Amino acid sequence: MQTMKALQLLAPRKTVLAEVPRPTVPADGLLLRTRCVSICSTDISFFEGHLFPSEYPIILGHEYLGEVVEKGAAFDNPDIQVGDRIVYWGQTDFGGFAEYRSLRPIFSGEVKEDVFWADRNFSDDLRAAAVKVPDDLDDLQASFIEPTTGALRSILANPPKIGDKVLIMGTGPIGIIAGSVIRRLLAPNSVVSLDANPIRNQHAEMHFSQRAYLPEELIAEVAENTFDYVFDALPTVKVDDEEKDPRRVAMRRLKPKGRYVLYGASQEMQKFDTWLMLAKGINIMASPFDVSAFPMHHSANVIQAAMQMLSSGIVDGKRLLSTVHEFGDYDGLVRIFENYRSTTDLKTIVDFRAA
């Protein structure tokens, strides 16, 4: 039996570098050798215990770039060959931080599905939206196609209107991607942002934000009923003073009938101000994971567009990159997970190419 190295999560904050069976190629899919995987806040939420799988252990990682090493006997896309680089969105939150992974892809223009009921209250697809990476996009930037796809799914399903005043909540990588797309493509009146991390505020202003506020600055300087549209990319939030909860603060500054787009995922309950929702008629919206509402073949079209966002510079992948860390340095990788919430970095890429 062939084996591979993988970063396994055994329980919250408990990891191991394990030797596990190497996956086999699906009959209608691909076997990929891992090249790069960027760390996502979803990985950190699983690591910290804000998200949780149905069972442990799991292999963390899903912002994935791999190279095709084998095609299944029934794989029928003639445009994909051994040696091509592939990025995917969907199929699973897991499996990326390993030397190989299998994939059952759907590419833009294809309509295929293999739907099942997931254990987290939605219908999922055993296939994944995928895109072939062009030669002019290097490995490190290509690693950002997956998070760009996530942000773009949310924006395209719930776009701001022309001339809207937009607030981006949370200026980690997803907030920066969302703000960049909205400001450069969707003709807003203005795009500003909120984050408690001053360094990330600086990043936001370099990428897209016309003003990056600290929470106390937004409270002091921005009047209620200012914004038409809020994009919430915040992680799990805990505050001592509920009046200063950033989600409540943002709702107060939304206009009546304003739109509040929720991106950040947490299975840990978060507080939303139901009175403000009722009083103002605020619409809370999200782009569903459930494939009965947002089929995977639709996401296949989105991932193609996301790749173009990076190729064209609408999303600045070079400036999103903060750190490249070799997969072989396990202890250093664990420290990155442990310190992620306090970092001023944007994207950290785990590099498998020397493995």
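Residues numbered from 1 in each chain as written. Predicted model: local features only at pLDDT ≥ 70, side-chain atom pairs only at ≥ 80, totals over all residues. Heavy atoms only, no water.

Help me understand the overall build of the protein in this model?
A count of helices and strands for the protein gives 11 helices and 19 strands. By the compact-globule yardstick of 20 Å for 355 residues, the protein fits well, its C-alpha radius of gyration being 20 Å. Each principal axis of the C-alpha atoms in the protein carries an extent, and together these give about 65 × 40 × 40 Å. Residues classed as buried in the protein amount to 55% of the 355 residues present. Pairs at least 24 residues apart make up 74% of the contacts formed inside the protein by residues separated by at least 6 positions. Surface summary for the protein: the accessible area is close to 15200 Å², and the carbon and sulfur share equals 50%. For the protein, the distance from the average position of its 38 positive side-chain charges to the average position of its 48 negative side-chain charges is 4 Å. (Helix = DSSP H or I, 4+ residues; strand = E, 2+ residues; numbered from the N terminus. Rg over C-alpha atoms; globule rule 2.2 N^0.38 Å. Buried < 20%, exposed > 50% of the residue type's maximum accessible area, 1.4 Å probe, protein only. Contact = heavy atoms within 4.5 Å. Areas by Shrake-Rupley, 256 points an atom, 1.4 Å probe, with all protein chains shown as cover. Lys, Arg positive; Asp, Glu negative; His and termini not counted. Charge placed at Lys NZ, Arg CZ, Asp CG, Glu CD.)

Sorry, what's going on with the pattern of salt bridges here?
Summed over the entire model, instances satisfying the criterion amount to 23 salt bridges. Between D84 and K132 there is a salt bridge, and its shortest N-O distance comes to 3.6 Å. Of the two residues, D84 sits in the loop between β5 (63-71) and β6 (85-90) while K132 sits in strand β11 (residues 128-132), which places them 48 residues apart along the sequence. For D84, a relative accessible area of 14% corresponds to the buried category. On the basis of relative accessibility, which here comes to 36%, the residue K132 falls in the partly exposed class. For R353, the salt bridge goes to D139, with nearest N and O atoms at 3.2 Å. Linking R353 in the segment after β19 (347-351) with D139 in helix α2 (residues 139-142), this pair joins segments that are 214 residues apart in sequence. (Salt bridge = Lys/Arg side-chain N within 4 Å of Asp/Glu carboxyl O.)

Can you help me understand the packing of helix α3 (residues 145-157) against helix α9 (residues 296-312) in this one?
Any two packed helices are characterised by how steeply their axes cross, that is the angle between the axes, and by the distance between the axes. Remark: α3 packs on α9, axes separated minimally by 8 Å, with the N-to-C direction vectors making an angle of 115°. Like other packed secondary-structure pairs, α3 and α9 cross with a definite hand, here right-handed. From α3, I145, T148, T149, L152, R153 and L156 reach across to α9, where they touch S299, V302, I303, A305, A306, M307, M309 and L310. Residues of the contact of α3 with α9, tallied by class, amount to 10 nonpolar, three polar and one charged. (Axes fitted to C-alpha atoms, helices over the stretch in contact; angles between N-to-C directions. Left-handed = near helix turned anticlockwise from the far one by under 90°. Nonpolar A, V, L, I, M, F, W, Y, C, P; charged D, E, K, R; others polar.)

Sorry, what's going on with the packing of aromatic side chains here?
Two numbers describe a pair of aromatic rings. These are the distance of the centres and the angle of the planes. Enumeration according to the criterion identifies eight aromatic pairs in this entry. Summarising the aromatic geometry, the rings of F47 and F337 are spaced 5.5 Å apart at their centres and angled 55° between planes, so their arrangement reads as tilted. Of this pair, F47 sits in helix α1 (residues 41-48) while F337 sits in helix α11 (residues 330-339), and the two are 290 residues apart along the sequence. Comparing F47 with F337 shows no difference in burial state: the two are buried. Aromatic side chains F97 and F337 sit 6.1 Å apart centroid to centroid with 80° between the ring planes, which places their arrangement in the edge-to-face category. (Phe/Tyr/Trp six-rings, centres within 6.5 Å; stacked < 30°, edge-to-face > 60°.)

For this particular structure, what's the right way to read the environment of R252?
Mapped onto the secondary structure, R252 falls in helix α7 (residues 246-253). A sequence separation of 210 residues divides R252 from T42, and the C-alpha atoms of the two residues are 28 Å apart. Each residue touching R252, except ones within four places of it in the same chain, is listed here: E224, N225, E243, D273, L276 and K280.

Teacher, can you tell me more about the nonpolar core here?
Most often, soluble globular proteins have nonpolar side chains that are buried together. If you look at the biggest cluster of nonpolar residues, it comprises 46 residues, and the most contacted ones within it are I145 and F231. Broken down by secondary-structure element, the contributors of at least two residues to this core are β6, β11, α3, β12 (165-169), α4 (173-185), β15 (227-232) and α9. At eight residues, the largest contribution of residues to this core is made by α9. If sequence neighbours within four positions are ignored, F231 has contacts with S154, I155, L167, I168, M169, I174, A178, V261 and Y263. In terms of nonpolar packing, the next biggest core, distinct from the first, is built from 39 residues, V20, L30, Y88 and A130 among them. (Core = buried A, V, L, I, M, F, W, Y, C linked by side-chain atoms within 4.5 Å.)

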